[in-house]
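So you can see what is in the structure, the chains are spelled out below.
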Amino acid sequence: MLIIDVRSGESIDKALKRYKRKSINTRVIREVRNRREFTKPSVKRRKETLKAIYKEDKFRNVD
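These lines cover the structure that appears in this document, whether it is placed above or below. (Residues numbered from 1 in each chain as written. Predicted model: local features only at pLDDT ≥ 70, side-chain atom pairs only at ≥ 80, totals over all residues. Heavy atoms only, no water.)

1. What to know about the layout of surface pockets
By volume, the largest pocket amounts to about 450 Å³. Of all the elements in the fold, those that place two or more residues in the lining of the largest pocket are α2 (28-35) and α3 (41-60). The element that contributes the greatest number of residues to the lining of the largest pocket is α3, accounting for five residues. Across the lining of the largest pocket, the residue classes break down as two nonpolar, two polar and six charged. (1 Å grid on protein atoms, 1.4 Å probe; cavity = no way out; pocket = protein on both sides within 12 Å on 5 of 7 lines; lining within 4 Å. Points joined across faces, edges and corners; volume = space filled by probe spheres on them. Helix = DSSP H or I, 4+ residues; strand = E, 2+ residues; numbered from the N terminus. Nonpolar A, V, L, I, M, F, W, Y, C, P; charged D, E, K, R; others polar.)

2. Looking at a positive patch on the surface
Among the surface-exposed residues, Arg27, Arg30, Lys47, Lys51 and Lys55 lie close enough to one another that they form a single positively charged patch. Inspection of the secondary structure assignment puts arginine 30 in helix α2. Arginine 30 gets classed as exposed once you look at its relative accessible area, which sits at 52%. (Patch = residues over 30% accessible without salt bridge, like charges linked within 9 Å, V, L, I, M, F, W, Y side chains within 5 Å. Areas by Shrake-Rupley, 256 points an atom, 1.4 Å probe, with all protein chains shown as cover. Salt bridge = Lys/Arg side-chain N within 4 Å of Asp/Glu carboxyl O. Lys, Arg positive; Asp, Glu negative; His and termini not counted. Charge placed at Lys NZ, Arg CZ, Asp CG, Glu CD. Buried < 20%, exposed > 50% of the residue type's maximum accessible area, 1.4 Å probe, protein only.)

3. Re the environment of valine 28
With respect to the secondary-structure elements, valine 28 resides in helix α2. Assessed through its relative accessible area of 35%, valine 28 is described here as partly exposed. Each C-alpha atom, one on valine 28 and one on leucine 2, is 8.9 Å from the other, the two residues being 26 residues apart in sequence. Those residues in contact with valine 28, other than ones at most four positions away along the chain, are Leu2 and Ser23. (Contact = heavy atoms within 4.5 Å.)

So this is what it looks like as structure tokens:
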């Protein structure tokens, strides 16, 4: 759990902004989404290769 200390005289908006930035940097949300359901390692690898193929085709056709 992330804890943000609100400094004296600091607005809530600034504290919220720091919290959001810290949560993005620590990749908490991404980890929670990944842990919702288990994916087999073979499925993960297949997904990564398909993503790489898609990116390669996309950037090759940009020229």
